[in-house]
Amino acid sequence: MDPATVPAPSGLLLAASVAMLAAALWLLLPKSSDTLASRRLGILLGALALVGFAATGRSLGSVGENGVFLTVSAVALVSGLATVVTRSPVYAAIWFAMALAGVAGVLLTLGAQFLGVATIVVYAGAILVMFLFVLMLAQPSGMAPYDRVTNEPMLAASAGAVLLGLLSMSIGRLSAIEPPACCRMPSRADAIASGSAAPVSPEAGDEVARLGAELFGRHLFSVEVAGILLLVALVGAIAVVSRGEAAAESGREAA
Amino acid sequence: MIPAPLLINALLVGAGLFCLGLVGILTRRNLIVMFLCAELMLQGVSVTLVAWSRYHGDWGGQVLTVFVLTVAACEAAVALVFVLQAFARTGRLDAAAWQSLREETLPRVIDRELPEGDAAGPTWPTLTPAGVRPPEDASHTLEREHV
């Protein structure tokens with residue numbers, strides 16, 4: 001393959017996918033002129049765009065036979081699209097949980113076991129539950145009018161789809177270029193070959209253990225800073241809540 | 001170590017998640033949904049970081065992703081407090097409720113027409129209330145009441 005250009009069929013396919021994605025996003029986003037037929041057309045176009053991107057990824061990366069990766073990434077992308085276009089914020093949060101499950105599957109397929117599990121535990125278990133609590137506290141009854149309209153849906157959908165097309169093109173150029181030797185990280189295999197590291201047995205828990213050694217060895221200071229950041233965020237959140245309640249009460253007494 | 005084709009496909013997935021989150025944060029007006037879309041963008045970045053980390057056999061990308069998780073937790077805590085305060089002041093989760101903070105030359109957001117459908121909101125699932133006796137039916141008097 002010519003390293004400077006994306007091959008022509010893939011480029012055409014990519015352009016068609018970008019156009020279909022923009023149209024699907026525009027049709028699916030909440031607008032004042034929504035009908036059931038336009039939403040169905042949007043879902044159809046979105047599915048076609050997903051198939052087009054899968055074909056592009058296959059021609060660029062040629063691991064289309066990796067069925068697990070294709071499935072979990074399709075789950076992540078479809079759920080992400082549904083998060084963006086769903087009218088009800090509660091359903092958006094549930095779709096986001098589904099997208100998190102897909103992302104965790106992608107991370108597990110890539111071989112990052114700890115991060116895949118941490119995504120489920122921290123995001124879906126803690127952060128998303130916090131979102132749902134806030135929605136329970138702050139959701140008016142029925143569908144709010146600001147959930148049924150969006151700002152500039154056509155411009156934003158086109159911008160997002162074109163950005164995705166540009167990113168895909170630059171990623172496609174990557175497929176022909178090997179990283180130069182100066183910029184390559186010394187991999188484990190190289191280190192073993194040069195004799196500077198002892199070979200380790202490729203066990204299942206090996207990756208997690210080595211990530212932990214890296215985290216609490218080389219990046220120990222950063223871990224401490226992250227811990228302080230968590231503490232500061234906790235104290236700050238409580239301070240803002242208590243001060244806001246005091247201000248609201250004083251305002252009520254004055255009125 | 002992962003092969004280069006898998007790296008490229010993972011980068012495509014990360015780019016897709018990032019762009020979807022970008023569209024959401026540009027268009028949606030509900031503060032909570034905007035925030036969910038920002039988290040979606042963070043997920044795309046995480047996938048990209050982990051893919052490069054696995055490709056190069058270097059742990060820096062995964063360590064950075066751990067810190068992305070940490071900062072996302074802090075950000076969610078602080079930002080949701082601010083969202084709740086904003087809701088307490090305006091009674092709405094609408095970003096346009098704070099449009100008096102905009103620049104002088106920018107136009108106001110005015111809701112001229114609202115779509116007809118969806119006004120009633122979604123239909124939520126209901127639970128069967130427990131402990132309620134079903135109505136008596138004379139035509140089924142032959143049914144055994146007690147065993």
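Predicted model only: the values in this text are computed from it and were never measured. (Residues numbered from 1 in each chain as written. Chains lettered and ligands numbered in written order. Predicted model: local features only at pLDDT ≥ 70, side-chain atom pairs only at ≥ 80, totals over all residues. Heavy atoms only, no water.)

A.B. asks: How do you make sense of the overall build of chain B when you look at a structure like this?
C.D. replies: Summing up its helical and strand segments, chain B has 3 helices and 0 strands in all. The linear arrangement of helices and strands in chain B, starting from the amino end, is α-α-α. When the 147 residues of chain B are sorted by exposure, 46% land in the buried category. About 8100 Å² of surface is accessible on chain B, with carbon and sulfur atoms providing 62% of the total. (Helix = DSSP H or I, 4+ residues; strand = E, 2+ residues; numbered from the N terminus. Buried < 20%, exposed > 50% of the residue type's maximum accessible area, 1.4 Å probe, protein only. Areas by Shrake-Rupley, 256 points an atom, 1.4 Å probe, with all protein chains shown as cover.)

A.B. asks: Sorry if this is basic, but what is going on with the nonpolar core here?
C.D. replies: Soluble globular proteins tend to bury their nonpolar side chains together. Among the nonpolar cores identified, the biggest contains 80 residues, and Leu 25, Val 84 and Leu 110 of chain A together with Ile 32 and Leu 93 of chain B are the most heavily contacted of them. By residue number, the principal contributor to this core is helix α1 (residues 4-27) of chain B, which donates 12 residues. (Core = buried A, V, L, I, M, F, W, Y, C linked by side-chain atoms within 4.5 Å.)

A.B. asks: Where do I start with the pattern of salt bridges in this structure?
C.D. replies: All names here are of chain B. Going through the model one piece at a time under the given rule, you end up with 4 salt bridges over all chains. Between Arg 29 and Asp 94 there is a salt bridge; the shortest N-O distance is 2.8 Å. Placement of the pair is Arg 29 in the loop between α1 and α2 (31-56) and Asp 94 in the segment after α3 (60-90), with a sequence separation of 65 residues. Residue classification places Arg 29 among the buried residues on the basis of a relative accessible area of 4%. Close ionic contact of Arg 92 with Asp 94 constitutes a salt bridge, the shortest N to O distance being 3.5 Å. (Salt bridge = Lys/Arg side-chain N within 4 Å of Asp/Glu carboxyl O.)

A.B. asks: Is there a simple way to explain unusual backbone geometry in this structure?
C.D. replies: Negative phi characterises most residues that are not glycine, and trans characterises most peptide bonds. Backbone geometry places Glu 152 of chain A, a non-glycine residue, at a positive phi of 50°. For Glu 152 of chain A, the position within the fold is in the loop between α5 (113-138) and α6 (153-174).

A.B. asks: What is the right way to look at the interface of chain B and chain A in this model?
C.D. replies: One frequent convention defines the size of an interface as the accessible area lost when the parts assemble. Taken together, the contact pairs 79 residues of chain B with 96 residues of chain A. A buried area of about 7800 Å², summed over both sides, lies between chain B and chain A, and 78% of it is on carbon and sulfur atoms. The largest contributions to the chain B side of the interface with chain A come from Arg 28, Leu 36 and Trp 59 of chain B, which together make up 9% of the buried area. For the pair chain B and chain A, the interface holds 1 salt bridge. Across the pair Arg 54 of chain B and Glu 207 of chain A runs a salt bridge whose closest N-O atoms are separated by 2.9 Å. Taken together, chain B and chain A are joined by 8 residue pairs in polar contact (both at pLDDT 80 or more). Listed by contribution, the elements that provide at least two residues to the side of chain B that touches chain A are α1, α2 and α3 of chain B. The greatest single-element share of the side of chain B that touches chain A, amounting to 21 residues, is contributed by α3 of chain B. (Contact = heavy atoms within 4.5 Å. Buried area = accessible area lost by both parts, 1.4 Å probe. Polar contact = N/O pair within 3.5 Å; in protein donor to acceptor, adjacent residues only side chain to side chain.)

A.B. asks: Could you clarify how one ought to interpret the confidence of the model for chain B in this entry?
C.D. replies: As a general rule, the predicted coordinates of low-pLDDT regions are not to be interpreted in detail. Residue and element names in this part refer to chain B. For chain B, mean pLDDT is 85; residues scoring 70 or higher make up 86% of the total. Mean pLDDT per element in chain B: α3 is the minimum at 90, and α2 is the maximum at 93. If you check the scores for this complex, the pTM reads 0.82 and the ipTM reads 0.82. (pLDDT = per-residue confidence, 0-100.)

A.B. asks: What am I meant to see in the packing of aromatic side chains here?
C.D. replies: Think of a pair of aromatic rings as described by two things: how far the centres are apart, and how the planes are tilted against each other in angle. Applying the stated rule across the entire model yields 3 aromatic pairs over all chains. Ring geometry for Phe 96 of chain A versus Tyr 123 of chain A: centroids 6.5 Å apart, planes at 75°, classification edge-to-face. Separated by 27 residues along the polypeptide, Phe 96 of chain A in helix α4 (residues 89-110) and Tyr 123 of chain A in helix α5 bring together distant segments of the chain. Owing to a relative accessible area of 1%, Phe 96 of chain A belongs among the buried residues under this scheme. Residue Tyr 123 of chain A is classed as buried on the basis of its relative accessible area, which comes to 2%. Arranged with centres 5.9 Å apart and planes meeting at 70°, the rings of Trp 52 of chain B and Tyr 55 of chain B form a pair that is edge-to-face. Residue Trp 52 of chain B and its partner Tyr 55 of chain B are both found in helix α2; the two are separated by 3 residues, about one turn of the helix. (Phe/Tyr/Trp six-rings, centres within 6.5 Å; stacked < 30°, edge-to-face > 60°.)

A.B. asks: For this particular structure, what's the right way to read empty space enclosed by the protein?
C.D. replies: Unoccupied space between atoms shows up once a probe the size of one water molecule is rolled over them. Evaluation of the coordinates by the stated rule reveals 2 cavities of 30 Å³ or more. Taken as a whole, the largest cavity spans an internal volume of roughly 50 Å³. In this structure, the largest cavity is lined by Val 103, Leu 107, Leu 115, Thr 119 and Tyr 123 of chain A together with Gln 43, Ser 46, Thr 65 and Leu 69 of chain B. For the lining of the largest cavity, the elements supplying multiple residues, two or more each, are α4 and α5 of chain A together with α2 and α3 of chain B. (1 Å grid on protein atoms, 1.4 Å probe; cavity = no way out; pocket = protein on both sides within 12 Å on 5 of 7 lines; lining within 4 Å. Points joined across faces, edges and corners; volume = space filled by probe spheres on them.)

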